[in-house]
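Descriptive structure summary
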Amino acid sequence: MSAIQPPAELVWWKQPLDKVEGTWIGIALVWSLIMFFMMPFWHVYGKQNLSSEAYRTTPQAYMAKTQAMVDQYTIRTETSAQLPVVRPPPGSDVYLLGRLWQWWPLLELEKGQTYRLHISSMDWNHGFSLQPVNINTQIIPGYEMVLTVTPDTSGEQTIICNEFCGIGHHTMLGKIYVTEGGR
Amino acid sequence: MSNELFRTCPESGLQFHRPAERLMKAHAVVAVVILLIGGIAALLVTLTRWPAVHLLPADRFYQLLTTHGVNMLIFWMISFEIAILYFCSSTLLKVRLATPKLAWVGFTLMLAGIIINNLAVASGTASVMMTSYVPMPANPNFYLGLILFAVGALIGCFIFLATLVIAKDEKTYEGSIPLVTFGALTACIIAVFTIASGAIILVPTWLWSLGYINHIDAAMYRVVWWALGHSSQQINVAAHVSVWYAIAAIVFGARPLSEKVSRTAFFLYIAFLQLASAHHLLVDPGLSAEWKIFNTSYAMYLAVLASMVHGLTVPGSIEVAQRAKGYTNGLFQWLRKAPWGNPIFSGMFISLVGFGFLGGISGVVMGTEQINIIIHNTIYVPGHFHATVVIGSTLAFMSLTYFLIPTLFRKQVAFPAIARLQPYFFGIGMSVFALAMMGAGTLGVERRHWDMAFTGAPLGFEYPASAYTMMGIMGLAGMVAIIGGAMYILVTVVSVFFGKSVESESSYGTATTRLMRAEPIFIPEGGHSAAGKWGFAAPGTFVLAMFFLVTFVLYYAVNWKYLASVWPLS
Ligand code: HEM
Ligand SMILES: [Cu+2]
Ligand SMILES: [Cu+2]
């Protein structure tokens, strides 16, 4: 009988499959497997994979590391708030922190060079959204995430916070400037 | 069984246990009131995200977004689902509901939870979004309301299970439970798991907000919260797929192509859908790639496979029923001749197509481990889930309501002309709305964000003009969907509270009720494939399914290509 009544056949599980169902299940299964294997495939052959490298940290410890980098590599300041712009050497560890409501410090990187970009939060969850290149990750307090990143376009990128973090959420921006190689 | 406790609906032949009937009504009425509150919030939130309007100040926006998310996603859906559980057990199995008194306790707890949570948000001290990620603090009553609601819902789940046991004991049916009840059982099992996860995370968070616990790990919170948040979406999926099957049966007398396939597909939900909390954690720090891949794909996409199967078997069963009635010309006569003026059917069909094409495809794409990098927390995400939980679940529940008004509430559907158009306004408005959100998200526009122009920020950023266009389309289409939602509430409230009762008409054959009436149960003759093509019982549906697959493959490939263009990361 219909789907809101008990099945007409007492042993419904012996009822043969209809051809349309069998065919579709086969096709859908193959597609599912392709999608599944695409992910490990990309880990091997693709270039955009997030590492699972992350450390537990505390706001104080992380702040200290970031401050040390800022003290060493600041090249100029911007805006009336004197935000430091930091140009760390290629290949080095770069520290970025999110807090209510800014990304600190501003960074200047060189195109084609690889950096170990550490990111953590000083307070609540924040979202690291780099635009317009469009890279998005979750930043969680107490955790220091490490992205190995190779900017391959030059120009100005903006870090927008894309995890709700309170009333100033929409003002939480940062910058990554990418300069052509060799300055 | 004492007979006064039951009444038989003369139209549909359904048998209602009166105490169960009262509970179903109460849950459905509360659900619709919540939908109204969530809908008013939706209106204001949409008018704020529409850049040309930008209605509310930031604090109100975040407050109402919290109201909208919690009421819609949790309170509306689950309240309606409890009514569905009671319907699928007591009514479909023609059995008394287990312990109606306890069911009222559950109802009361749910209602109390709804009120307490809403008051906390209304006070302005709990604008933390439905996810309430720690360590952002909320008024303790925010969590308390959710906990009470969950306990009430859990009671409802157990009453459903107990009712199944009674029906089996009292032998009120022969053989196995109906497919739709089996689907409801799936939803119920997932709900129990979900609510347990909810308790594991919300109880400590509540104690933390009261100061009894001093630290909750922010990453651990997200892992456990999403075991609640994601699997609760699977309750919705299992519930609305059951509703699709039910409507196919009610409107067409359709029987499942094969019980075995449909039931196995539901079983795959139970087995795998609780996974996939990783969908929300794909770009979180510190989680291993292996775990993410296994979890986000529900173990090799077996639950996605199940949805693809339902997506074929529901319209397939309709096609078979229609062909058996003689609509055998070409591939699609069965579909052209379907009752498009009957909102029970049209809503259900739009729900099915929208859920598959918009919600399903976008969900799998953004749930792919690496592709998530270009989508996480952009407005693409609400674009996706408005296609699943609004076009999919909400519209399916709305369609079912047009059946419940005459059968459960014994009222004529008021304003039949409005009812006839309602699924189109809501379904099409929502589809454009969701697509525009996905478009804007692809351009990097963020979700849960008050101002895409970043007014007052020390540093600036300008989105491309196309992103503003997308958000404008989203606003406009959102208004169409809101009108569709208002039409639903108007029809439902007027029918239920002020409508003419069905009995007051001398016959049921008035134009008003006939629109809403189920066709008589039809049993196709000569087996399945007799009226089909190529040995397929449902060739038209198969062609539609292949079209779906091609769309899916192309869109999937485009997104990998887009991902390949962003900065190398490792
Ligand atoms: C006409 C109907 C609706 C409209 C116009 C609408 C509009 C919106 C808008 C504009 C947002 C904000 C997106 C953002 O800024 O991040 C939103 C969020 C949301 N909506 Fe809807 N919505 C509608 C119906 C629904 C329904 C029926 C549900 C659930 C069943 C729902 C669930 C949600 C959820 C869960 C969120 C996310 C809240 C959050 O981010 O915490 N919506 N909606
Ligand atoms: Cu932030
Ligand atoms: Cu933020």
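Residues numbered from 1 in each chain as written. Chains lettered and ligands numbered in written order. Predicted model: local features only at pLDDT ≥ 70, side-chain atom pairs only at ≥ 80, totals over all residues. Heavy atoms only, no water.

This part takes up the overall build of chain A. Secondary structure summary: chain A contains 2 helices and 12 strands in total. When the helices and strands of chain A are read in sequence order from the N terminus, they spell out α-β-α-β-β-β-β-β-β-β-β-β-β-β. Taken against the 2.2 N^0.38 rule, which gives 16 Å for 183 residues, the C-alpha radius of gyration of chain A at 24 Å runs more than 25% over that of a compact globule. When its C-alpha atoms are laid out on the principal axes, chain A stretches across 80 × 40 × 30 Å. Here chain A holds 183 residues, and 57% of them are scored as buried. Contacts in chain A between residues far apart in sequence, at least 24 positions, make up 59% of those at least 6 positions apart. Per element, the accessible surface of chain A, about 7,100 Å² overall, is 61% carbon and sulfur. Both charge centroids of chain A, one from 12 positive and one from 15 negative side chains, sit 4 Å from each other. (Helix = DSSP H or I, 4+ residues; strand = E, 2+ residues; numbered from the N terminus. Rg over C-alpha atoms; globule rule 2.2 N^0.38 Å. Buried < 20%, exposed > 50% of the residue type's maximum accessible area, 1.4 Å probe, protein only. Contact = heavy atoms within 4.5 Å. Areas by Shrake-Rupley, 256 points an atom, 1.4 Å probe, with all protein chains shown as cover. Lys, Arg positive; Asp, Glu negative; His and termini not counted. Charge placed at Lys NZ, Arg CZ, Asp CG, Glu CD.)

This brings us to the coordination of the copper ion (ligand 3). All names here are of chain A. Here the copper ion (ligand 3) is held by Cys161 (SG), Glu163 (O), Cys165 (SG) and His169 (ND1), and the distances to it run 1.9 to 2.3 Å. Every donor counted, the 4 donor atoms about the copper ion (ligand 3) form angles of 91 to 123° at the centre, which fits tetrahedral coordination. Within one chain, the residues serving as donors to the copper ion (ligand 3) are arranged as C-x1-E-x1-C-x3-H. A spacing of 2.6 Å is found between the copper ion (ligand 3) and the copper ion (ligand 2), which share Cys161 as a donor. (Donors = N, O, S within 2.8 Å, 3.2 Å for Na, K, Ca; no water. Tetrahedral: all angles 85-135°; square planar, octahedral: opposite > 155°, others 65-115°.)

The next subject is the sheet that holds strand E1 (residues 54-56) of chain A. Residues and elements named next belong to chain A. The mixed open sheet is built from 5 strands, whose spatial order is E1-E10-E7-E4-E5. Edge positions in the sheet fall to E1 and strand E5 (102-104), since each has one partner strand and no second. Going across the sheet, the axis of each strand differs from the next one's by a mean of 20°, ignoring polarity. Across the sheet, helix H2 (residues 59-73) is in contact with strand E4 (93-99), E5, strand E7 (115-121) and strand E10 (143-149); its angle to E4 comes to roughly 120°. (Pairing = 2+ DSSP bridges. Axes fitted to C-alpha atoms, helices over the stretch in contact; angles between N-to-C directions.)

Right, let's get into a nonpolar patch on the surface. Residue and element names in this part refer to chain B. On the surface, Leu421, Phe425, Val480 and Ile483 cluster together to form a nonpolar patch covering roughly 310 Å² of accessible area. Broken down by secondary-structure element, the contributors of at least two residues to the nonpolar patch are helix H13 (416-442) and helix H14 (465-498). Relative to the helices and strands, Ile483 resides in helix H14. (Patch = residues over 30% accessible without salt bridge, like charges linked within 9 Å, V, L, I, M, F, W, Y side chains within 5 Å. Salt bridge = Lys/Arg side-chain N within 4 Å of Asp/Glu carboxyl O.)

Residues and elements named next belong to chain B. For ligand 1, the set of nearby residues contains 28 residues, the closest of which are Arg49, His68, His386, Arg447 and Arg448. A distance of 2.6 Å is found between an oxygen atom of ligand 1 and a backbone nitrogen or oxygen belonging to Arg448. Where the shell around ligand 1 is concerned, the elements lending two or more residues are helix H1 (18-49), helix H2 (58-91), helix H12 (380-407), H13 and H14. Tallying contributions element by element places H2 first for the shell around ligand 1, with 8 residues. Two domains each provide a minimum of three residues to the shell around ligand 1, namely domain 1 (17-252) and domain 3 (339-450 + 464-522). (Near = heavy atom within 4 Å. Polar contact = N/O pair within 3.5 Å; in protein donor to acceptor, adjacent residues only side chain to side chain. Domains from an automatic or database assignment.)

Quick look at the interface of chain A and chain B now. Where interface size is given, it is often the accessible area lost as the parts come together that is meant. On the chain B side, the residues contacting the 87 residues of chain A number 111 residues. Of the roughly 8,800 Å² buried at the junction of chain A and chain B (both faces included), carbon and sulfur atoms supply 70%. Counting across the chain A and chain B interface gives 2 salt bridges. The salt bridge partner of Arg56 of chain A is Asp217 of chain B, with a shortest N-O separation of 3.1 Å. At the surface where chain A touches chain B, the tally comes to 37 residue pairs in polar contact (both at pLDDT 80 or more). When contributions to the side of chain A that touches chain B are tallied by element, the ones reaching two or more residues are helix H1 (19-45), E1, strand E8 (126-131), strand E9 (135-139), E10, strand E11 (155-161) and strand E12 (173-179) of chain A. Broken down by element, the residue count for the side of chain A that touches chain B peaks at 19 residues, all from H1 of chain A. (Buried area = accessible area lost by both parts, 1.4 Å probe.)

With that settled, the discussion passes to the domain arrangement of chain B. Residues and elements named next belong to chain B. One can read the domain layout of chain B as domain 1 (17-252), domain 2 (276-337 + 528-560) and domain 3 (339-450 + 464-522). Counting residues at the interface gives 27 residues for domain 2 and 24 residues for domain 3. Taken over both partners, the interface formed by domain 2 and domain 3 buries close to 2,300 Å², and the fraction arising from carbon and sulfur atoms is 77%. Taken together, domain 2 and domain 3 are joined by 2 residue pairs in polar contact (both at pLDDT 80 or more).

So, about the domain arrangement of chain A. Domains assigned within chain A are domain 1 (1-49) and domain 2 (52-179). Computed over C-alpha atoms, the centres of domain 1 of chain A and domain 2 of chain A are 43 Å apart.

Next up on the list: the pattern of salt bridges. This structure, assessed with the given rule, holds 16 salt bridges over all chains. Taking the shortest distance from any N to any O, the salt bridge between Lys65 of chain A and Glu144 of chain A comes out at 3.1 Å. Taken together, the positions of Lys65 of chain A in helix H2 and Glu144 of chain A in strand E10 put the pair 79 residues apart, joining distant regions of the chain. Exposure remark for Lys65 of chain A: the relative accessible area of 34% places this residue in the partly exposed category. Across the salt bridge formed by Asp284 of chain B and Arg222 of chain B, the nearest N and O atoms sit 2.7 Å from each other. One end of the pair, Asp284 of chain B, is in the loop between helix H7 (259-272) and helix H8 (289-296); the other, Arg222 of chain B, is in helix H6 (residues 218-252), with 62 residues separating them in the sequence. In terms of burial, Asp284 of chain B and Arg222 of chain B fall into one category: buried. One network of salt bridges, with partners in common, ties together Arg76, Glu78, Arg87, Glu108 and Glu110 of chain A.

Turning our eyes to something else, we now look at the pairing of strand E3 (residues 83-86) of chain A. Residue and element names in this part refer to chain A. Covered by surrounding structure in E3 are Leu83 and Val85 together with Pro84 and Val86, the residues of both alternating faces. Pairing of strand E2 (residues 74-78) with E3 involves 4 bridges; the strand directions are antiparallel. Bridge assignment links Arg76 to a residue of E3, and that residue is Val85. Here E2 hands over to E3 after 4 residues, with Thr79 in that stretch at a positive phi of 60°. Bridging between E3 and strand E6 (residues 106-110) involves 2 bridges; their strand directions are parallel.

All names here are of chain A. Taken in spatial order, the 7 strands line up as E2-E3-E6-E12-E11-E8-E9 in an open sheet, and their pairing is mixed. Only two strands of the sheet have a single partner each, and these edge strands are E2 and E9. The sheet shows a mean angle of 20° between the axes of neighbouring strands, direction not considered.

This paragraph deals with the side chain of His27 of chain B. Residue and element names in this part refer to chain B. Mapped onto the secondary structure, His27 falls in helix H1. Residue His27 is classed as buried on the basis of its relative accessible area, which comes to 2%. Setting aside residues up to four positions removed in sequence, His27 forms contacts with Ser79, Ile82, Ala83, Tyr86, Phe107 and Met110.

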